[in-house]
Amino acid sequence: MEKLFSHPLFWCIIILSVVIVLCIILTGKRKRRKPDTNDSDTSVKPADSIEKTVPEIRKTEKELSMFRVKWFNERVTNEYCTANNKIKDNLTDDDYKQIDKFACVPISYLFAWLVKHNYCSGYFSCKYNLEWIKTENSDPAEFISEELDGIINYSALSDDIREFIDYYYTPADRFLSGSGHKSYQNDYYSVIRNPWKVFFNIDFSWDFYHKLEEKIDRQYKYFMIEKEWAESDIYDENRIAGQIYSDRLGKYFDLYVAEGVRDDYVLLCTNQIKNMSDEMYNHFCDRIYAEFIMQSGGLRADYISREMIIEGLNSCSIMIPPSYGRKAAYILGFEADFEREHGVSVTVRGDYIIDVSYRMEATSPWDSKNKYNYKMECALANLETESIDTVGKALLEYSKGNLEQTVIVPSFVQMPVPEENRLFVPAPAFERKTQIDIISEKMLSEGSADRYECKPGYKEGSVVPSFIQIRLYKSGNVVFAERVNIW
């Protein structure tokens, strides 16, 4: 036996066997970055203790993923080859490593937002050192690609943020959607928009992150407002706080107040209804007439005056939701002789009627839809749209800053444009159309749409459109549609 151990050939065989085993192990695993151990406050628990404290996490991780690199492989590879003038068959291991990282770039901004706002689960925060991302000293796309093997599971998220992520982020390969103001992918592309129209193949940038962070924060705010409204149960009869009488409308209103609303704010809102100005009264009646009487096709032709419209309203209520500003904001609800089935709601913010709809379709005066409506009403307050009946008058308002100038058919569409391609619209409509056009440009370039259509609608001889309808088509089918209401 001693001769065997002392024989050189024996040790050669042993060493060779060890090398072979190590090669098999290493080639079966993906190479990872070595975690930085210089940070004194990593607070990483041993893997075995994590396994014992959360035994059910592993099962959840395998079943529910928010993001996986493999969902995007083909798309990112095609974009990478086009951007770098390469052929798939000639791609190297380094190319594929870079492709994996690029696939993680879009989601990396949302991931960084989750980390920096402490929306990662306790399990995930214990397992990984996230301080380098919080302090903006690390590339989140590289972290996802290498440390997480290109997979983000829902178990990485804290319970209180999951609902927002489901609302805002679309997993898998549906990148851009017809909801130009709610999709994370749309917000992401509007920030990283580039002449090459690439979606993935652009390095992560903390400068881009801060621009996108503002958009995510705004979307989260509106999500919470909508969620609060949906859960408020403000119509509950047990919430009736009393009655008020409006001298201008000649009606009693049941008063509903959301929990936590201050008494002085309630007084601000109710005083506005009690002493409604002539301007608001006229706008109130005119909006109801436009939405319910004119749209009836003659069925409600008896309601030809403001007084008759007011007479047709009954079972009145005023609902005051939680406030997100100093201006009075509330919803008036009515049963109506001219709309017996659904009733009528009128949403007020500040001095403006910002929405008129069916009673049960009313939403918070502070949500994203009504923010746009409020901004539009503020912009229209400086205009007499009916009298702007020539391009010359529109250009005069443009020079005053009351209107913005854009185009019906943008240049990226590469199709014949109408003889008069200019659009004169208030700033909120200009911003909305610009955002929609950015998304349209990307959808056309990537092939998810093949035709762009923009149809402005005009009334009363004005050159300022009352609305803009934008649609994108693919093989004759509508794949994107959004209407921009103006006046």
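Residues numbered from 1 in each chain as written. Predicted model: local features only at pLDDT ≥ 70, side-chain atom pairs only at ≥ 80, totals over all residues. Heavy atoms only, no water.

Asker: How should I be thinking about unusual backbone geometry in this particular structure?
Answerer: Most peptide bonds take the trans configuration, and most residues that are not glycine carry a negative phi. A positive phi is found at Asn118, a non-glycine position, where the angle reads about 60°. Secondary-structure assignment places Asn118 in the loop between helix H6 (93-116) and helix H7 (122-127). At Lys197, a residue that is not glycine, the phi angle is positive and equals roughly 60°. With respect to the helices, strands and loops of the structure, Lys197 is situated in the loop between helix H11 (184-192) and helix H12 (206-231). By relative accessible area, Lys197 is classed as partly exposed at 27%. (Helix = DSSP H or I, 4+ residues; strand = E, 2+ residues; numbered from the N terminus. Buried < 20%, exposed > 50% of the residue type's maximum accessible area, 1.4 Å probe, protein only.)

Asker: Honestly, the pairing of strand E4 (residues 251-257) in this entry has me stumped. Any pointers?
Answerer: Side chains on a regular strand alternate between the two faces of the sheet. Most of E4 is tucked away, with 5 of its 7 residues classed as buried. For strand E3 (residues 240-246) and E4, the ladder comprises 6 bridges, and the chain directions are antiparallel. In the sheet register, Gln243 faces E4, and the bridge partner there is Asp254. Between the antiparallel neighbours E3 and E4 lie 4 residues, among them Gly250 with a positive phi of about 65°. Relative to strand E5 (residues 313-320), E4 runs parallel, the two being bridged by 5 bridges. (Pairing = 2+ DSSP bridges.)

Asker: What's the story with the sheet that holds E3 in this structure? I'm lost.
Answerer: Strands in a sheet are paired, the pairing made by backbone hydrogen bonds, and the direction either parallel or antiparallel. Spatially, the 6 strands line up as an open sheet ordered E3-E4-E5-E6-E7-E8, and their pairing is mixed. Each of the sheet's edge strands pairs with one partner strand only, and the pair in question is E3 and strand E8 (352-357). The mean inter-strand angle of the sheet, taken between neighbouring strand axes irrespective of direction, is 25°. Lying on the sheet, helix H16 (residues 368-380) is in contact with strand E7 (339-349) and E8; it crosses E8 at an angle near 135°. (Axes fitted to C-alpha atoms, helices over the stretch in contact; angles between N-to-C directions. Contact = heavy atoms within 4.5 Å.)

Asker: Is there a simple way to explain the pairing of E8 in this structure?
Answerer: Counting buried residues in E8 gives 5 out of 6 residues, a clear majority hidden from the surface. Inspection of the sheet shows E7 paired to E8 by 5 bridges, in the antiparallel sense. Counterpart to Thr347 in the pairing with E8 is Asp355.

Asker: Can you help me understand the packing of aromatic side chains in this one?
Answerer: To describe a pair of aromatic rings, you give the distance between the ring centres and the angle between the ring planes. Scanning the entire structure with this criterion turns up 34 aromatic pairs. Its end group placed over the ring of Tyr374, Arg349 keeps NZ or CZ at 4.4 Å from the ring centre. One residue, Arg483, lies across the ring of Phe467, its end atom 3.9 Å from the ring centre. (Phe/Tyr/Trp six-rings, centres within 6.5 Å; stacked < 30°, edge-to-face > 60°. Lys NZ or Arg CZ within 6 Å of the ring centre and 35° of its normal.)

Asker: Looking at this structure, I do not really get the packing of H6 against helix H9 (residues 140-147). What am I missing?
Answerer: A pair of packed helices can be characterised by two numbers: the angle between their axes and the separation between those axes. It is at 7 Å that the axes of H6 and H9 come closest, and there the two elements cross at 120°. By the angle between their axes, H6 is oblique relative to H9. For the element pair H6 and H9, the recorded crossing hand is right-handed. Seen from H6, the contacting residues are Lys97, Asp100, Lys101, Cys104, Val105, Ile107, Ser108, Phe111 and Ala112; seen from H9, they are Pro140, Ala141, Glu142, Phe143, Ile144, Ser145 and Glu146. In terms of residue class, the contact of H6 with H9 is built from 9 nonpolar, 2 polar and 5 charged. (Parallel < 35°, antiparallel > 145°, perpendicular 65-115°, else oblique. Left-handed = near helix turned anticlockwise from the far one by under 90°. Nonpolar A, V, L, I, M, F, W, Y, C, P; charged D, E, K, R; others polar.)

Without other data, these values stay purely geometric and don't point to any function.
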